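As a plain string of letters, each chain reads:
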Amino acid sequence: MHRVAFLEEIVRRTAHLLPAQGPISTFIHHNTLHAFEHLPFEGAVIEAGRLFGCEPFLEKERYRREMVRGRIRQEDVDAVLDQELGEEGEERVGGLATRREIRLAMLRDRFPEESGPALSWLLAETPAVTRNRPLWEAALDAVSRTVFSSLPPTPDEPFRHRDLLLDVTGADSDDLVHPVLIRLTASFLDQGLAYWPLPGREAGFFRSVSELYRPSRFLPGWLRRFALDLSAASQRRVTPAESAVDSLDRLGVSEKSEWEPFVAATLLALRGFAGMMWQIESRPDRVPVQAPKASLLDFLAIRLLLEIRALEDLARKTLGFHGEMRELREELRRRRSPPSAPSAEALAYRLFLLAQALDRPPSSLSRLTAADAKPILDEIEAFSALSRRSLLHLAYERRHRIEVLDALSARAGEPCEKTRDVMFQAVFCIDEREESIRRHLEEVEPRCETFGAAGFFGVAMYYRGVADAHARPLCPIAIEPEHEVIEVPEAEREVDLKRRRAIRRLLGRLVHETRVGSRTFTRGTLLTALLGIATAIPLTFRVLFPRLTARLRTGASRLLKPARARLVLERDETRKPSLGKHSGFTVSEMAAIVGSLLEDVGISDRLARVVILVGHGSRSLNNPHESAHDCGACGGGRGGPNARAFAQMANDRRVRELLREQGGAIPDSTWFVGAYHDSCDDSVTLADRDLVPPEFRGKLALVENAFERARARNAHERCRRFEFLPSGLTLEAALAHVERRSEDLAQPRPEYGHATNAVCIIGRRSRSRGLFLDRRAFLVSYDAGRDDGEGSILARTLEAVVPVVAGINLEYYFSYVDPVGYGCSTKLPHNITALLGVMDGHASDLRTGLPWQMVEIHEPVRLLVVVETTVALLERALARDPRLFRLANNRWIQLATLGPSGNEIRLREPTGYSRYLPERPVLERFVSSRDWYEGKSDPLPPARISPEHAIS
């Protein structure tokens, strides 16, 4: 393969390791370690931790605290340890104890692994061994009689010159490279924050930087040489790929053995910006304003040229090295200090701790021969701190799994009550935040039925609202929509239309000039003096009176927006879409969307008089991660337009006629209404109410009343997780509080998003209705009795749902276990850059993942997916989709089946499906959800709620 083509292929493969987070305005939850899904979970997180320098599990002290408070029980630890060891657990190690006893002792007690100066200080300055001096001396004696032939540990060899230079001299070339590369990349990708555009953006990153950096005596020495490199490359018309190949040769990186790991390490050094460059290159349709000609290969070429000159400069200053760059690594390896083996004192301390944990007397160590002590120390080494944390995490997950499966088994053992005289049906997104409002809706109005479907409701589209400047995708990230839908104002008086347009143009020009002018020296000074005091007035109102300010702002917005607007759904061949292939849908496409969703949900032949489609999203103030609270099934957008579009399609007489011809009739006595649930302030807004025929309006008023009562209860339940709220809040006070949070300029936690997700239940609502699931369960409607013998609906449902919910779950898992490495740490130092993401302060890597304020109440457990089906059909569905099979087989999710009849649960394990035997066959019962959760702020286990006895 040609060298350039070979490098291009390496860059494409390496891109898979980079963060898959796109622009923050369309935040898509995804598996942070998507590149490792081909590996079993336990090994993958450890390997990724080594590559990225991140933690794979919680710290052991956290697991110890969970054991103390009963979140992890001794039987959980026993169970996972027995499963891990099998028959090897009863083998005696060195005559001291069985392998199981040794590992239990190490799990139960603190087992630090200090060595070197830290151990010397511990032994000299603390009573670590003085309280049991005879045992310590016996451990020292036992180790002194043991001969160790193992070589000292060898750390991973750094691939980058920078790592070796840092190890040898303490000088970091990234400190020179990164500030320059961050500014260049942010300016190139900028979506409107920068005052001066980077020159030549249309030609790509490499050409743009080449045009910006011209040789000048005002540049620092190393940057002047970098500019000369760019100038020479431009004169020779070198492509970015050719420049990168040339740089690898100059650095002495071997093509066959080192290119791939070296390129990976180089790109991962600034992985946030490298990942954004790749995301915009591969999915330019997700960019909020305008996608520049992004190229990860361009980014690599510029980075390598910067690194060469930075390394050259530092090597000369710190080492006096004046040779070729290809010789630098060998020189650094020669000067590097070799690693040392553990001292006899360190080995003795480990043996001492183990004997103490096992409560063994000094004589038990004195009797050890040289042949006895070595296998004991080898066992201690094998059961490292990382292995112990891995096993404790399995115990942590096991306790949660038991609570959920016990609840489902108990609920499934009860009769499946059918809702009589159904007043209305509501189809919600599967989002676990909707679990609580569905439960409350069923409590206040037992005659309703609720269902769960992916929140884009099958309407994959680019959508541009009447006040939007650009269209954006509203569908799962794996789908590239082909259709664009726009919203247009309903016909109004010409004078009103002209007035609105004039006001919008005037305000737009004023805001634009103010923002641009504030970044210049002269106008910035004047505007600060003139408008500084004036801006304090709205700021004061926002801080002190957030709800009042919100109402005033809403009232003012009516001057700019039309009173009514309609979706243009039908195909218009005369209008060219700004994104996608088609403007609107054909009638047959609409019928396919409507028929498919109704069939998948299981209500195609039993529709109620009123059917509500409830999309969701989240609106909050001063929150860069606002989109991360929106609908994942809508690509980080708000699902209201999708719900509205589906309802409009389902109400279309032509669609109904076509469905009737295909055997899927929608009766004339049914009307669909789109709705939008704001999960931050818990408002529920019905769309196109003026289009509802008179015969449905009475029923719709009852529906609105039920939603109004349910949202107040939902807000009350959410308030139990917020800090500093007084106990005994009324429903009205709770609702006012969540409304105020959404409008609070200083609120870092307007809502907690998906921070409680842990379960996904795919099946009939009757199997989980009446269960308090603590806003932890994605609820997906699927009726096995309506599926065919091949499980076609099941396969379609799993393919659409599981990758989305697994991505949400795993992103929360990793952002919690390492909030700095995998998450983006605290919001406090965040600044928006390029309108694409956030960075710490004025210059850091682009921070990907979730901020701590979004995950702090989360319990990091892998998603437990429970499917109401048979084992055979589930395995057939998994086999149809390679990614589903990887997620299940490599244990990135936990998987179980619930029998379509009865309450038998089978748990998928590495050795096959095992029958689950409940620990607690009977659930606690409560009249309403409030009776169970009130006064409690920690995660709660499931309980049985009897909505038919609830007080409305």
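All values reported here derive from a predicted model rather than from experimental measurement. (Residues numbered from 1 in each chain as written. Predicted model: local features only at pLDDT ≥ 70, side-chain atom pairs only at ≥ 80, totals over all residues. Heavy atoms only, no water.)

(A) Inspection of the pairing of strand β20 (residues 905-909) at higher detail. Two elements, strand β19 (residues 894-898) and β20, share three bridges in a ladder whose sense is antiparallel. Bridging across to β20, Thr-897 finds its partner in Arg-906. Here four bridges tie β20 to strand β21 (residues 912-915), and the two strands are oriented antiparallel to one another. Each bridged residue has a counterpart across the sheet, and for Leu-907 the counterpart in β21 is Ser-914. (Pairing = 2+ DSSP bridges. Helix = DSSP H or I, 4+ residues; strand = E, 2+ residues; numbered from the N terminus.)

(B) Here's a closer look at a nonpolar patch on the surface. Together, Ile-537, Leu-539, Phe-541, Val-543, Leu-544, Phe-545, Leu-548 and Leu-552 give the surface a local cluster of nonpolar side chains, amounting to about 750 Å² of exposed area. Elements with a minimum of two residues in the nonpolar patch: α23 (521-544) and α24 (546-557). Counting residues per element, the nonpolar patch draws most heavily on α23, at five residues. Relative to the helices and strands, Leu-548 is located in helix α24. (Patch = residues over 30% accessible without salt bridge, like charges linked within 9 Å, V, L, I, M, F, W, Y side chains within 5 Å. Areas by Shrake-Rupley, 256 points an atom, 1.4 Å probe, with all protein chains shown as cover. Salt bridge = Lys/Arg side-chain N within 4 Å of Asp/Glu carboxyl O.)

(C) Main features of the environment of Val-820. Along the polypeptide, Val-820 turns up in the loop between α30 (792-817) and β16 (830-833). Assessed through its relative accessible area of 52%, Val-820 is described here as exposed. Sequence-wise, Val-820 and Thr-848 are 28 residues apart; in three dimensions their C-alpha atoms are separated by 9.7 Å. (Buried < 20%, exposed > 50% of the residue type's maximum accessible area, 1.4 Å probe, protein only.)

(D) Structural view of the sheet that holds strand β4 (residues 448-453). Strand order in the open sheet made by the five strands is β4-β3-β10-β11-β12, with mixed pairing throughout. Bordering the open sheet on either side are β4 and β12 (684-686), each of which pairs with just one other strand. Neighbour-to-neighbour, the strand axes of this sheet turn through a mean angle of 25 degrees, independent of strand direction. (Axes fitted to C-alpha atoms, helices over the stretch in contact; angles between N-to-C directions.)

(E) Structural detail: the packing of aromatic side chains. Evaluated as defined, the whole model comprises 23 aromatic pairs. Consider the rings of Phe-772 and Tyr-933, whose centres lie 6.5 Å apart with planes at 25 degrees: the pair is stacked. Residue Phe-772 is found in strand β14 (residues 771-772), and its partner Tyr-933 is found in helix α34 (residues 929-933); the two are separated by 161 residues along the sequence. The same class applies to Phe-772 as to Tyr-933, namely buried. Ring-pair connections join several aromatic residues into one group, and the members of that group are Phe-36, Phe-41, Phe-52, Tyr-813, Phe-814, Tyr-822 and Trp-892. A cation over an aromatic ring shows up here: Arg-741 above the ring of Phe-722, its NZ or CZ 3.7 Å from the ring centre. (Phe/Tyr/Trp six-rings, centres within 6.5 Å; stacked < 30°, edge-to-face > 60°. Lys NZ or Arg CZ within 6 Å of the ring centre and 35° of its normal.)

(F) Quick peek at the pattern of salt bridges. Scanning the model with the defined rule gives 98 salt bridges in all. One salt bridge in this structure joins Glu-904 and Arg-906, with 3.3 Å as the shortest N-O distance. Of the residues examined, Glu-904 reaches a relative accessible area of 32% and is grouped as partly exposed. Among the ionic contacts, a cluster of salt bridges with common partners joins Arg-225, Asp-229, Arg-250, Arg-309, Glu-312, Asp-313, Arg-316 and Lys-317.

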